[in-house]
Amino acid sequence: MDTLSYKTVSANNSTVDKQWVIVDAQAAVLGRIASEVAKILRGKNKPSFTPHVDCGDNVIVINADKVRLTGDKWDSKVYVRHTGYPGGQRITTPKLLKEKSSAILVEKAVRGMLPKNRLGRKLYGNLYVYEGSEHPHEAQQPKTITL
């Protein structure tokens with residue numbers, strides 16, 4: 001007989017309850033909304049959170065083109081990458097990224113807040129970012145949450 005009256009319950013792929021949620025990024029500060037989205041993707045807002053399992057929800061971020069940065073970050077913040085060749089360091093700013101696509105800004109911010117391993121790459125696949133208020137996921141019946 002087991003004398004312990006409580007057990008730690010770990011979630012696994014079959015017991016996880018994954019939902020679809022919509023986050024509206026209208027007039028939200030980029031880093032603040034990205035940290036909340038990363039928590040939801042990871043599943044840290046659920047009582048059944050298990051660190052090594054994808055137990056987070058699928059997140060749809062709409063109105064990514066209306067996200068804002070505080071201070072002078074549109075010009076002073078830099079994103080650095082390297083091509084792999086000598087002298088291949090490339091630098092870009094949020095203003096230049098926004099000209100390409102505002103979704104890239106939100107995706108980069110959220111991706112930087114996820115684990116840097118296999119699980120983080122899988123969690124990143126549960127993120128869907130759209131510039132406008134329209135999205136093609138109505139069939140999943142997502143619920144809107146306010147942050």
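Residues numbered from 1 in each chain as written. Predicted model: local features only at pLDDT ≥ 70, side-chain atom pairs only at ≥ 80, totals over all residues. Heavy atoms only, no water.

Undergrad: Can you walk me through the overall build of the chain in this structure?
TA: Looking only at helices and strands, the chain has five helices and six strands in total. Each helix and strand of the chain, placed in order from N terminus to C terminus, yields the pattern β-α-β-α-β-β-α-α-α-β-β. For the chain, with 147 residues in total, the buried portion stands at 39%. Taking all contacts inside the chain whose residues are at least 6 apart in sequence as the whole, residues at least 24 apart take part in 66%. For the chain, the exposed area adds up to about 9400 Å²; of that, 51% sits on carbon and sulfur atoms. (Helix = DSSP H or I, 4+ residues; strand = E, 2+ residues; numbered from the N terminus. Buried < 20%, exposed > 50% of the residue type's maximum accessible area, 1.4 Å probe, protein only. Contact = heavy atoms within 4.5 Å. Areas by Shrake-Rupley, 256 points an atom, 1.4 Å probe, with all protein chains shown as cover.)

Undergrad: Explain the environment of Lys143 here, please?
TA: If you trace the backbone, Lys143 turns up in strand 6 (residues 143-145). By relative accessible area, which is 46% here, Lys143 ends up partly exposed. Every residue in contact with Lys143, bar those within four places of it in the chain, is listed here: Trp20, Val21 and Ile22.

Undergrad: Please clarify how the pattern of salt bridges should be interpreted in this entry.
TA: Side-chain pairing between opposite charges can occur once the charged atoms of the two side chains come close. Within the structure shown, the criterion is met by five salt bridges. Between Lys39 and Glu36 there is a salt bridge; the shortest N-O distance is 3.4 Å. A residue pair is termed a helical-turn pair when its members lie 3 or 4 positions apart in one helix, as Lys39 and Glu36 do in helix 1 (residues 30-42) at three residues. In this structure Glu36 comes out as partly exposed when scored by relative accessible area, which is 29%. The shortest N-O distance in the salt bridge between Asp75 and Lys95 comes to 3.2 Å. You can see Asp75 sitting in helix 2 (residues 73-76) and its partner Lys95 sitting in helix 3 (residues 94-100), a full 20 residues away along the chain. (Salt bridge = Lys/Arg side-chain N within 4 Å of Asp/Glu carboxyl O.)

Undergrad: I'm lost on the sheet that holds strand 5 (residues 127-129) in this one. Help?
TA: Strand-to-strand pairing in sheets goes through backbone hydrogen bonds, with the strands running parallel or antiparallel. Here four strands make up an open sheet; going across it, the order is 5-2-1-6 and the pairing parallel. In this open sheet, the two edge strands, each paired with only one partner strand, are strand 5 and strand 6. Going from strand to strand, the sheet's axes swing by 25° on average, the running direction of each strand aside. Pairing of strand 1 (residues 20-24) with strand 6 involves three bridges; the strand directions are parallel. Its bridge partner being in strand 6, Ile22 is matched across the sheet by Thr144. Across the sheet, helix 4 (residues 102-111) lies against strand 2 (58-62) and strand 5, angled at about 155° from strand 5, the strand it touches most. (Pairing = 2+ DSSP bridges. Axes fitted to C-alpha atoms, helices over the stretch in contact; angles between N-to-C directions.)

Functional significance is not addressed by these values, which are geometric in nature.
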